[in-house]
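Results of the structural survey
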Amino acid sequence: MKRKIIEIDEKLCNGCGDCIPNCPEGALQLIDGKARLISDLFCDGLGACIGECPLGAISTIEREAEAYDERKVMEKNIIKAGTNTIKAHLKHLKEHGEDEFFNIAISVLKEKNIPVPELEKEESPMACGCPGSAAMSINNSKEHGYHHSVSANLKSELNQWPVQLTLLNPHASYFKNADLLIAADCVPFAYPNFHDKFIKGKITVIFCPKLDTTIDQYIEKLAQIFTMHDIKSVTIVRMEVPCCGGTEYIVKQALEQAKKTMMVQVKIISIKGDIL
């Protein structure tokens, strides 16, 4: 059957192992210094490991693969790993709306008289279990000494429209000899001086490497832009959360597809709005 499944770029993988703990299903192992997908049966294709790779070596593709088997995953890997892994696995399934697999997992636990761990309310379904989805309150006003009574007439530094990669036309003339700013779409909300610091003098491209479902199309469109135009520079601005590392992966893949080699400057913004 054809389905979504993990693919590991062996050239990018440095064997750090950060992805391993985030695959409770047991589909990944470190072998000969590289992360390897050891069984199609154990990979659900939901991508919990993707955001944990610091080098963007992991992605999901659609290919012919043996059907994922929740019962085998539970019996061979999850249960023997203990309560915490069981809980992490159930949470993972819930977060991605995999109710059928979730129910199978629960039935296996009950058949084997293993207590079903309770999932706390704050662990209810969300886009993903990575730090980028964790709810938090931020109070920057005191920390940075902002005075909200002081106002200024700020101007937009935007040089073109549209900015979302899905809507951009690779043939647009404004790409000629452009300094390209490629930003994850949460960045402008976190970094208060985004226009003056990053947009000024650049052509802006935004997308979300985590929630957007058109990653392959993004790579292809950026590759077209790199191929059709002499791009002077590329600056990536992304958030500090692991899943946002996909921004760098997409750009890297696009440059490879376009057979272009160039320096890419990467700026990382903290959730509190600082440049790291």
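Residues numbered from 1 in each chain as written. Predicted model: local features only at pLDDT ≥ 70, side-chain atom pairs only at ≥ 80, totals over all residues. Heavy atoms only, no water.

Locating C243 in the fold gives a position in the loop between β7 (233–239) and α8 (246–258). Sequence spacing of C243 and C49 is 194 residues, and the spatial spacing of their C-alpha atoms is 9.3 Å. (Helix = DSSP H or I, 4+ residues; strand = E, 2+ residues; numbered from the N terminus.)

It is worth spelling out the pattern of salt bridges at this point. Inspection of the entire model under this criterion finds eight salt bridges. For E10, the salt bridge goes to R36, with nearest N and O atoms at 2.7 Å. Separated by 26 residues along the polypeptide, E10 in the loop between β1 (2–8) and β2 (28–31) and R36 in strand β3 (residues 34–37) bring together distant segments of the chain. Using a relative accessible area of 44% as the deciding quantity, one classes E10 as partly exposed. Residues K252 and E256 are paired through a salt bridge, measuring 3.8 Å at the closest nitrogen-oxygen approach. With K252 and E256 both in helix α8 and four residues apart, this pair spans about one turn of that helix. One continuous salt-bridge network, built from bridges that share partners, spans R71, E75 and E111. (Salt bridge = Lys/Arg side-chain N within 4 Å of Asp/Glu carboxyl O. Buried < 20%, exposed > 50% of the residue type's maximum accessible area, 1.4 Å probe, protein only.)

That's the geometry; what it means functionally is another story.
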